[in-house]
Structure formats: C-alpha cells, structure tokens
Amino acid sequence: MKGVTAFVRLEKSIALWATNQFGSPIRFIKKSPLNTMMRQLCTLRPRTIPPQLYPKEGEVAIVIPDDAYRKPERYNYLSAHAAHEVAMAITDLFELAIWKACAPHIGTAGLQEAVRRWCESVSITAEHHEAVVQRFYRIRKRFETQGVVLGRRNGVRKSTRLNN
C-alpha cells in the first residue's frame, strides 16, 4: 500500500509553501534528509489511538516513505514530539528558501516588495504576506544578535563580519 500519510501542524504560510514545493499530500524527495527523518520518527501506532484519516484544522498530510524494514502500513504514527520535529525541519527549510531568495535585497528600499514577490512565486496568498515579511525580519534579527549586521541601519553601512 503506497501513500500512507501522517499529519503535522504547520503555520498557514509554511503549509502553503510546502504544498507548493512538494505537492499535496506532501511527498518529500527520495533519499532526502526529510524522508530519512520521517522513516526514523514514525513508530507503531499504539493500540489505544485510532488512526487519523483526515487532517485537522491547521495540519498538512505528509506521505510516509516506503522502507523495506519499516513498512508505512504498520509504522505510521508520529508522536507529538516527532510531529513537532518534522514541523521544525520543514520550517527550517522554509526559512532557508526565503533567506536565499530575499537576502540579496537587504539594505535596499525594495526588501518588502522582494518578499512579497517571493510569496507570490511560491503560492503564498496575500493574506499571509505580512507574516512572511515578519518572519524574514526575525531571521535577520537573529543574525544581528550574533553580531552579524546585514544591510544599512540609519543610513550607515555596517560591517557584515564578526570581530575575531
């Protein structure tokens, strides 16, 4: 049986991006780290927990990869911790994608427009653009807290290197 799915809760903008990149239900690339993670985190379903057939509000379906030793028909349960780990991996991949696309625009007047264009290119709806812009700013802020200042602040170009 192919196409056994597990369900993971994601922010709406990340769910839209993931389904645009990997399809619906989400099917990760063969032999990818995310597929490996899914194989390792899926366990036998406890007898007391009935199978979940449809996603709940805010969840996306992810296809469990086939494995010769851990058949998805039997190993198809993600614990709350495992589902959170998968969600964090997808979120990290989302942040890498937005950073790669929009980081060259840091320090320019068109940064928000660049993020909005990227959102449109990956099928993130207009109502979620602001959330993605704010996520991008939080990523940039994480760099700044580590001493890596990117772009202009108050009209002055600052160094992008750490002092060693």
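Refer to the structure above for everything that follows.
Parameters and conventions
Residues numbered from 1 in each chain as written. Predicted model: local features only at pLDDT ≥ 70, side-chain atom pairs only at ≥ 80, totals over all residues. Heavy atoms only, no water. Helix = DSSP H or I, 4+ residues; strand = E, 2+ residues; numbered from the N terminus. Salt bridge = Lys/Arg side-chain N within 4 Å of Asp/Glu carboxyl O. Buried < 20%, exposed > 50% of the residue type's maximum accessible area, 1.4 Å probe, protein only. Axes fitted to C-alpha atoms, helices over the stretch in contact; angles between N-to-C directions. Parallel < 35°, antiparallel > 145°, perpendicular 65-115°, else oblique. Contact = heavy atoms within 4.5 Å. Phe/Tyr/Trp six-rings, centres within 6.5 Å; stacked < 30°, edge-to-face > 60°.

**Things to note about the environment of Asp66**
- Checked against the element boundaries, Asp66 lands in the loop between strand 3 (59-63) and strand 4 (75-77).
- In this structure the C-alpha to C-alpha distance between Asp66 and Arg39, which are 27 residues apart in sequence, comes to 8.1 Å.

**Topic: the pattern of salt bridges**
- Under the criterion given, the structure shown has five salt bridges.
- Between Arg135 and Glu95 there is a salt bridge; the shortest N-O distance is 2.6 Å. Pair noted here: Arg135 is in helix 5 (residues 129-145) and Glu95 is in helix 3 (residues 80-102), with a separation of 40 residues, a long-range link. With respect to burial, Arg135 and Glu95 carry one shared label: buried.
- One salt bridge in this structure joins Glu95 and Arg142, with 3.2 Å as the shortest N-O distance. Of this pair, Glu95 sits in helix 3 while Arg142 sits in helix 5; the two residues are 47 residues apart in sequence, bridging distant segments of the chain.
- The class of Glu95 is buried, set by a relative accessible area of 12%.
- The network of salt bridges with shared partners includes Glu11, Glu95, Arg135 and Arg142.

**Description of unusual backbone geometry**
- In this model, Ser24 is joined to Pro25 through a cis peptide bond whose omega is 0°.
- Despite not being glycine, Lys31 shows a phi value in the positive range, around 60°.
- By secondary structure assignment, the location of Lys31 is in the loop between helix 1 (12-22) and helix 2 (33-41).
- On the basis of relative accessible area, Lys31 is assigned to the exposed category, the value being 80%.
- The phi dihedral of Ser123 falls on the positive side, at around 65°, and the residue is not glycine.
- With respect to the element layout, Ser123 can be found in the loop between helix 4 (111-121) and helix 5.
- According to the relative accessible area criterion, Ser123 is partly exposed, its value standing at 40%.

**Looking at the packing of helix 3 against helix 5**
- Orientation of helix 3 relative to helix 5, taken along the N-to-C sense of each, is 85°, at an axis distance of 11 Å. Comparing their axes, helix 5 and helix 3 come out roughly perpendicular. When helix 3 is examined against helix 5, the residues Thr91, Phe94, Glu95, Ile98, Trp99 and Cys102 are found in contact with a partner set consisting of Val132, Arg135, Phe136, Ile139, Arg140, Arg142 and Phe143.

**Overview of the environment of Pro51**
- Here Pro51 shows up in the loop between strand 2 (43-44) and strand 3.
- Pro51 sits 29 residues away from Phe22 along the chain, and the two C-alpha atoms are 24 Å apart.

**Re the packing of aromatic side chains**
- Counting across every chain of the model gives seven aromatic pairs.
- When the ring of Trp17 is compared with that of Phe22, the centres are 6.1 Å apart and the planes differ by 90°; the resulting orientation is edge-to-face.
- Under the relative-accessibility criterion, Trp17 is labelled buried at 4%.
- One aromatic cluster in this structure is built from Trp17, Phe22, Phe28, Phe94 and Trp118.

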